[in-house]
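One letter stands for each residue in the lines below.
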Amino acid sequence: MHLAPDTVPLDLPPLQSTIALPYRLTPGKATGTFLAELAARRIVGTRCLRCQRVEVPAQDVCSCGHAELEFVAVSTVGTLQSYTRMPDKTLGLIRLDGCDCDLLHRLHGDHEWAVGQRLQACWSDSPQAQALDLLGFEPAGQGAMAGLAPAAFEASREPLDSMATELKLHYQHAAGPYYGRLFDEMRTSGRIMGIRCSHCQSTLLPPRELCDVCYERTGTWADVADTGVLQAFSIIHLKFIGQRRDPPYVYAEVMLDGASTKIIHMLDGVDIEAAPARLKPGMRVKAVWKAERKGSLDDISHFELIDPI
Amino acid sequence: MSRVAIIGVGQTHHQRRRADVNVPGLVREAAQRALADAKLEMSDIDSVVVASGPVLFAAVNQPEKWVVDALGARGKPVVRITSGGGTGFAGALGGYYQVAGGQADRVLVVAYDKLSEGALQASISSLYDPFWGREFAVGIMGFSAAYWRARMDKLGHTEEAAARVVVKNLSNARMNPYAHVRKTVTVDDVLKSAPLAWPIKLLDVPPISDGAAAVVLTREDLAAQHTNTPAFIRGIAYCAEADNAPQRSMLMSEPLAHAARVVYRASGITNPRRQFDVVELQEPYSCFELSYYESLGLCPPGGAAELIASGATEMGGDIPVNPSGGCQGANPIGAAGLIRLVEAAMQVTGRAGEHQVPGARLAAAQTGGGWANLRGLAVVSAD
């Protein structure tokens, strides 16, 4: 990678970030039925009326491509086809009696496992309308009913039509030498630095390797002031997850003096009621820094109008 | 390179939440409708494009793999295309090139989004750079509102002009059986609605929707085998600019203006206002429709407020825009760009039912996504 002559690569620790989002997923009729019936200790599959294939868990569409299916209650006993051990669990592919495909599930309890082993379902004592109401499969007891054919199914309860879940994804983002120097200068010197395109001489903030317009390499680093122009703003009343401040507040897009690209931030010190009439694009703003800087855009607490309205 | 025809279209009846189907079920519905429209089976299809919005909208990564069985597409090439709000259109573009380039005779493009599954604004914030700006982002709404405010000063895109867009689109949506927002509003209702990211107010914002759309594409010389009413794609382009490029103006949509120049040249459009019979455009907020009038050349810069006030873009006007109701009527984001193309095809083949623009034979279908930096346009004609 090309580096400008006065840049020294910096090995900043990676940025830790977490994306945490809630969901209400729709399982659809087949999965919704399968999930609901686990509380009744039943495993529900589907038989395709065209090709006769019995699949489990229940499906909305058969793998043959047709959607004419009937629900069936399948045997809770079957044969282990294959398995894999992981540090925290063991997973197996189980061919339940009478089914034409394997069910992927946990192998439950501290047992020896072997391909060909007969297994039976084991159930949660406190079902909560979720997949793990079926805890997994364990070695079949002496009394386990073998060879039960899939049977006609009568729903014992409403299928689930919504499943609450959360995604929590953790990331470690490498900063690279451009963010590396930018944040180092912000933290140690309270200095904002952009980088100039070697061709059009625009100063790009955040600094980057290539100019977005010319596709030429960037060259020299340049100081960017912490004052600038309020290019655009909107007044936020909307509440949403992950918002860092309770509304209302002013969302600001600022072109700092010396930079050719905008930054996004917030503008304080403005009467929210008066703002629609009195705040205008083009007004001059200045950054208000936090007392303690960590090397991020967040080191700027907010912006203020240079000439209050 | 051959010209490409749309020989079948389908869409779901979009809703706030489809609790009765999961994602594969939703996708299958639209695909089956398009196949039925083209009088084809999946076995006739050479290749499939699945277009869906950002995976965080519905929490399933690589969803194209999840929907293969529901589509009946085992053994066929299946790719996923994703491009923010422009996803559906970009999916069509992918299918277009497979046909035009001779790699496939019949391509199914299906686009969807199931926005009711997740927390939309929070998901959108994750699309920003984690190092620089994510913590201040307010989805797409924050910056869209901010630059609308800037365009008020420079181009006269008033709140009232944007409100007229909402009134028009919701009125049109009532004639569209696939749209789910069924209310009539006045300019005053819009102006008085609660500010969300002022100047964007509650009624300036499209609904959150679950929905899917699909098209079957084939070469122009094969079209007649499948339908008496093909719609031809005369020109198509999809352009991007960097979100944070130097001197990005946000006053004119430069990527859209660029796409329009390319497509108009390819399609023989020299006077869009006069030549198009109908326009379908994707307005993520009401203010964008005003901006697109100018970027598409339907009026000069600064002329959008006058254009909407004149009534020319209403049903019955000389350049109806969004007879389907646009995004105001239904907005399953990943599908919205393809819905515009579907609606354009329906218009030029005389199959738009109660929201048909009489005699329409030449349509524009516009799309957009990202941080207002992805913009596309297609010209669709009956011949």
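Residues numbered from 1 in each chain as written. Chains lettered and ligands numbered in written order. Predicted model: local features only at pLDDT ≥ 70, side-chain atom pairs only at ≥ 80, totals over all residues.

Enquirer: Account for the overall build of chain A, with residues named and values stated.
Expert: Within chain A one finds three helices and 19 strands. The C-alpha radius of gyration of chain A comes to 30 Å, more than 25% above the 19 Å expected for a compact globule of 309 residues. By principal-axis analysis of the C-alpha atoms, chain A measures approximately 85 × 50 × 40 Å. Taking all 309 residues of chain A together, 35% fall into the buried category. Considering only residue pairs separated by 6 or more positions, chain A has 56% of its internal contacts joining residues 24 or more positions apart. (Helix = DSSP H or I, 4+ residues; strand = E, 2+ residues; numbered from the N terminus. Rg over C-alpha atoms; globule rule 2.2 N^0.38 Å. Buried ≥ 20, exposed ≤ 12 C-beta atoms within 10 Å, placed from the backbone. Contact = placed C-beta atoms within 7 Å.)

Enquirer: Please set out the pairing of strand 5 (residues 195-198) of chain B residue by residue, giving values where relevant.
Expert: Both faces of the sheet carry side chains from a regular strand, because those side chains alternate between them. Strand direction decides the pairing type here: strand 15 (residues 227-236) of chain A and strand 5 of chain B, joined by two bridges, are antiparallel. Counterpart to isoleucine 236 of chain A in the pairing with strand 5 of chain B is alanine 197 of chain B. Bridging between strand 5 of chain B and strand 6 (residues 200-201) of chain B involves two bridges; their strand directions are antiparallel. Residue pairing across strands places alanine 197 of chain B opposite isoleucine 200 of chain B, the latter belonging to strand 6 of chain B. Two successive antiparallel strands, strand 5 of chain B and strand 6 of chain B, enclose a turn made up of one residue. (Pairing = 2+ DSSP bridges.)

Enquirer: Before we move on, can you summarise unusual backbone geometry with the specific residues and values?
Expert: Looking along the chain, the bond that leaves valine 56 of chain A and enters proline 57 of chain A is cis, with omega of 0°. Examined against the element boundaries, proline 57 of chain A turns out to sit in the loop between strand 3 (54-55) and strand 4 (69-74). One non-glycine residue, asparagine 322 of chain B, lies in positive phi territory at about 60°. Topologically, asparagine 322 of chain B is positioned in the loop between helix 13 (304-310) and helix 14 (326-329).

Enquirer: Can you tell me about the interface of chain A and chain B, naming the residues and giving the values?
Expert: With 51 residues of chain A at the interface, the matching set in chain B holds 52 residues. Every element with two or more residues in the side of chain A that touches chain B is listed here: strand 1 (15-25), helix 1 (28-37), strand 11 (163-173), strand 15, strand 16 (249-256) and strand 17 (263-268) of chain A. Considering every element that reaches the side of chain A that touches chain B, the biggest residue donor is strand 1 of chain A, with eight residues.

Enquirer: Any details on the environment of aspartate 189 of chain B? Residues and values, ideally.
Expert: Residue and element names in this part refer to chain B. For aspartate 189, the position within the fold is in helix 8 (residues 187-192). Owing to 17 C-beta atoms within 10 Å, aspartate 189 belongs among the partly exposed residues under this scheme. Along the sequence, aspartate 189 and leucine 203 sit 14 residues apart, while their C-alpha atoms lie 7.9 Å from each other.

Enquirer: Kindly report on the sheet that holds strand 7 (residues 103-106) of chain A, identifying the contributing residues and their values.
Expert: Residues and elements named next belong to chain A. Reading across the sheet, the five strands line up as 7-6-5-8-9 and stay open at both edges, with antiparallel pairing between neighbours. Since the sheet does not close on itself, it has two edges, and those belong to strand 7 and strand 9 (134-139), each with one partner. For this sheet, the mean angle separating the axes of adjacent strands, direction not counted, is 45°. Looking at chain direction, strand 8 (residues 118-123) and strand 9 are connected through five bridges and run antiparallel. Bridge pairing in strand 9 links leucine 119 to proline 139. (Axes fitted to C-alpha atoms, helices over the stretch in contact; angles between N-to-C directions.)

Enquirer: Just give me the short version of the pairing of strand 2 (residues 47-52) of chain B, but keep the residues and values in it.
Expert: All names here are of chain B. Here strand 2 lies mainly inside the structure; six of its six residues are buried. Side chains Ser47, Val49 and Ala51 of strand 2 all project onto a buried face; the interleaved residues Val48, Val50 and Ser52 project onto the opposite face, where all are buried too. Where strand 2 meets strand 4 (residues 106-114), six bridges bridge the pair, whose relative direction is parallel. Looking at strand 4, one finds that valine 49 is bridged to valine 109. Of the pairings in the sheet, the one linking strand 2 to strand 3 (residues 78-81) comprises four bridges and is parallel in character. Note that in strand 3 the partner of valine 50 across the bridge is arginine 80.

Enquirer: Just give me the short version of the packing of helix 7 (residues 159-173) of chain B against helix 12 (residues 286-295) of chain B, but keep the residues and values in it.
Expert: All names here are of chain B. Running from N to C, helix 7 and helix 12 point in directions that differ by 100°, and their axes come no closer than 8 Å. With respect to helix 12, the element helix 7 is oriented roughly perpendicular. Of the residues in helix 12, those touching helix 7 at Ala161, Ala162, Val165 and Val166 are Ser286, Cys287, Glu289 and Leu290. Counted by class, the contact of helix 7 with helix 12 contains six nonpolar, one polar and one charged residues. (Parallel < 35°, antiparallel > 145°, perpendicular 65-115°, else oblique. Nonpolar A, V, L, I, M, F, W, Y, C, P; charged D, E, K, R; others polar.)

Enquirer: Which residues make up the domain arrangement of chain B, and what values do they have?
Expert: Residues and elements named next belong to chain B. If you check the domain split of chain B, you get domain 1 (4-120 + 209-223) and domain 2 (138-206 + 231-381). Summarising the inter-unit geometry, the C-alpha centres of domain 1 and domain 2 are found 23 Å apart. Taken together, the contact between domain 1 and domain 2 spans 36 residues of the former and 32 residues of the latter. At the level of elements, strand 1 (4-11), strand 2, helix 4 (87-100), strand 4 and strand 7 (210-219) are the ones that each hand at least two residues to the side of domain 1 that touches domain 2. Among the elements that make up the side of domain 1 that touches domain 2, the one with the highest residue count is helix 4 (eight residues). The residue makeup of the side of domain 1 that touches domain 2, split by class, is 17 nonpolar, 15 polar and four charged. (Domains from an automatic or database assignment.)

Enquirer: I'd like a description of the environment of isoleucine 333 of chain B, backed by residues and values.
Expert: Following the sequence through the fold, isoleucine 333 of chain B ends up in helix 15 (residues 333-348). Sequence spacing of isoleucine 333 of chain B and methionine 152 of chain B is 181 residues, and the spatial spacing of their C-alpha atoms is 26 Å.

Enquirer: Can you lay out the domain arrangement of chain A for me, pointing to particular residues and giving the numbers?
Expert: Residues and elements named next belong to chain A. The domains assigned to chain A are domain 1 (1-24 + 177-221), domain 2 (27-161) and domain 3 (225-309). Placing the centre of domain 1 and that of domain 3 at their C-alpha centroids yields a distance of 21 Å. Every contact between the two is made by 11 residues of domain 1 and, on the other side, 13 residues of domain 3. Where the side of domain 1 that touches domain 3 is concerned, the elements lending two or more residues are helix 2 (176-189), strand 12 (192-197) and strand 13 (203-204). Per-element accounting of the side of domain 1 that touches domain 3 gives the leading share, four residues, to helix 2. Residue classes in the side of domain 1 that touches domain 3 are distributed as five nonpolar, four polar and two charged.

Enquirer: Describe in detail helix 1 (residues 23-38) of chain B, supporting the description with residues and values.
Expert: Note that an α-helix has 3.6 residues per turn; residues three or four places apart therefore point the same way. Look at helix 1 of chain B: 23 Å from first C-alpha to last across 16 residues, which is about the 22 Å you get at 1.5 Å a residue. Of the residues flanking the end of helix 1 of chain B, it is lysine 39 of chain B, one or two places downstream, whose phi is positive at about 55°. (Expected span 1.5 Å × (residues − 1).)

Enquirer: Mind laying out the environment of alanine 5 of chain B, listing which residues take part and the relevant values?
Expert: Residue and element names in this part refer to chain B. Locating alanine 5 in the fold gives a position in strand 1. Taking the C-alpha atoms as reference points, alanine 5 and serine 267, separated by 262 residues in sequence, lie 14 Å from one another. Those residues in contact with alanine 5, other than ones at most four positions away along the chain, are Thr218, Glu220, Ala223, Pro230, Ala231 and Phe232.

Enquirer: How would you sum up the nonpolar core? Please name residues and give values.
Expert: Of all hydrophobic cores here, the largest spans 183 residues; its most connected members are Val109, Val215 and Leu338 of chain B. With 11 residues, the top contributor of residues to this core is helix 15 of chain B. Residues contacting valine 109 of chain B, with those up to four places away along its chain left out, are Val49, Ala51, Gly91, Ala92, Gly95, Ala214, Val215, Leu217 and Leu338 of chain B. Counting residues in hydrophobic clusters, the runner-up holds 24 residues, among them Leu38, Val72, Leu80 and Leu119 of chain A. (Core = buried A, V, L, I, M, F, W, Y, C linked by C-beta atoms within 7 Å.)

Enquirer: Can you tell me about the packing of helix 4 of chain B against helix 15 of chain B, naming the residues and giving the values?
Expert: Residue and element names in this part refer to chain B. The N-to-C vectors of helix 4 and helix 15 enclose an angle of 60°; their axes lie 4 Å apart at closest approach. Here helix 15 runs oblique to helix 4, going by the angle between their axes. Counting all contacts with helix 4, which are made through Thr87, Gly88, Phe89, Ala90, Gly91 and Ala92, the residues of helix 15 involved are Gly334, Ala335, Ala336, Gly337, Leu338, Ile339, Arg340 and Leu341. Its residues assigned to classes, the contact of helix 4 with helix 15 comprises eight nonpolar, five polar and one charged.

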